[in-house]
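Report on the structure
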Amino acid sequence: MNNYGRVIDLSYANGDVNFEIIKNAKNTPISAAIIRLGFGGDYINQDDEKFYDNVKKCKKYNIPYGVYLYSYADSEKKAKSEAMHALRVLGNLNPVLPVFYDIEEKRTIRKSNDKILSICRTFAYEIEKAGFEYGTYASLSVWNDKLRDKWFQNKKVWVAQWSGSGCSYKKRYDLWQYTSSGKIYGGSFQSGYGPFDLNYIYYDFKKADAENKKREAEKVLKISAKLEKISPEEMKKLDRDGDGKITAKDARKILTE
């Protein structure tokens, strides 16, 4: 299995992260980041307070990123609310890596395998309908015991197994979270900067990034063609915030009409 680099995953718990160290760490190079959107249903007080700052810094230092939402869902209704939460926070952003659904809460994993599958499918449906790629994050034991349906193998798979001896998941996986106490070495941080959750990625996300940009360019052409046919009155209806611009969220709506 080809290793395409090391990925750091970040949340409010990491505080104000020094991305310059991350970008320039020669001894522990970081290829991409996965950033926490928040947790649970669509409530502003459940947004990750460091999300936008971490995204801004990823853009500044040209670090590709994906995102994840920590789930508390024990029903399809709650899963849909969590999807709306993820989409609201994402807004106009266009992550290279997927939108991952973090399945580890007891209230979720104590459900039957079929129920968990339905919860994940509900979340994934909304995420993919909005044009994003979906993936699932879970521990090795949850993957082995609960996420056994072949549906999961057709999406991105992120396995957490804190072991230096390798990932023992027997099915295909795309990311392996190998530690929760990893440190970044290089420059003046010979003793290590951290701790961080660190992962290895096993698919060519840079190729996916190029394909993503191509799709975005094609979307722009389609949107432009449709906008040319929209009357001034219809344009005003699409401009929901009244700033005279059509946002990416509006554009996605145009493409699906």
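Bear in mind the structure is a predicted one, so any value in this text is a computation, not a measurement. (Residues numbered from 1 in each chain as written. Predicted model: local features only at pLDDT ≥ 70, side-chain atom pairs only at ≥ 80, totals over all residues. Heavy atoms only, no water.)

**Here we look at the side chain of Ser75**
Positionally, Ser75 belongs in the loop between β3 (65-70) and α3 (76-90). Classification of Ser75 by relative accessible area gives buried; the value is 19%. The residues contacting Ser75, other than those within four sequence positions of it, are Lys115 and Ile119. (Helix = DSSP H or I, 4+ residues; strand = E, 2+ residues; numbered from the N terminus. Buried < 20%, exposed > 50% of the residue type's maximum accessible area, 1.4 Å probe, protein only. Contact = heavy atoms within 4.5 Å.)

**Some points on the pairing of strand β6 (residues 156-160)**
Burial analysis of β6 places five of its five residues in the buried class, which makes it a mostly covered element. Residues Lys156, Trp158 and Ala160 line one face of β6 and the alternating positions Val157 and Val159 line the opposite face, and both faces are buried. The sheet contact formed by strand β5 (residues 134-139) and β6 spans five bridges and is parallel. Bridging across to β6, Gly135 finds its partner in Lys156. (Pairing = 2+ DSSP bridges.)

**Regarding helix α5 (residues 113-129)**
Helix length check: α5, at 17 residues, gives a terminal C-alpha distance of 24 Å against a target of 24 Å (1.5 Å per residue), a fit within 8%. Among all positions of α5, only Ile116, Leu117, Ile119, Cys120, Thr122, Phe123, Ala124, Glu126 and Ile127 are buried. Of the residues one or two after α5, Gly131 is the one with positive phi, at around 100°. (Expected span 1.5 Å × (residues − 1).)

**Side note on the nonpolar core**
Ranked by size, the top nonpolar core spans 58 residues in total, and within it Ile8, Leu37, Tyr101 and Phe123 carry the most contacts. Per-element accounting of this core gives the leading share, seven residues, to α5. Dropping the residues within four chain positions of it, Leu37 is found in contact with Asp47, Asp48, Phe51, Val67, Tyr68, Leu69, Ala86, Val89, Leu90 and Val99. Counting 14 residues, the second-largest nonpolar core is a separate cluster that includes Ala32, Ile34, Phe100 and Trp158. (Core = buried A, V, L, I, M, F, W, Y, C linked by side-chain atoms within 4.5 Å.)

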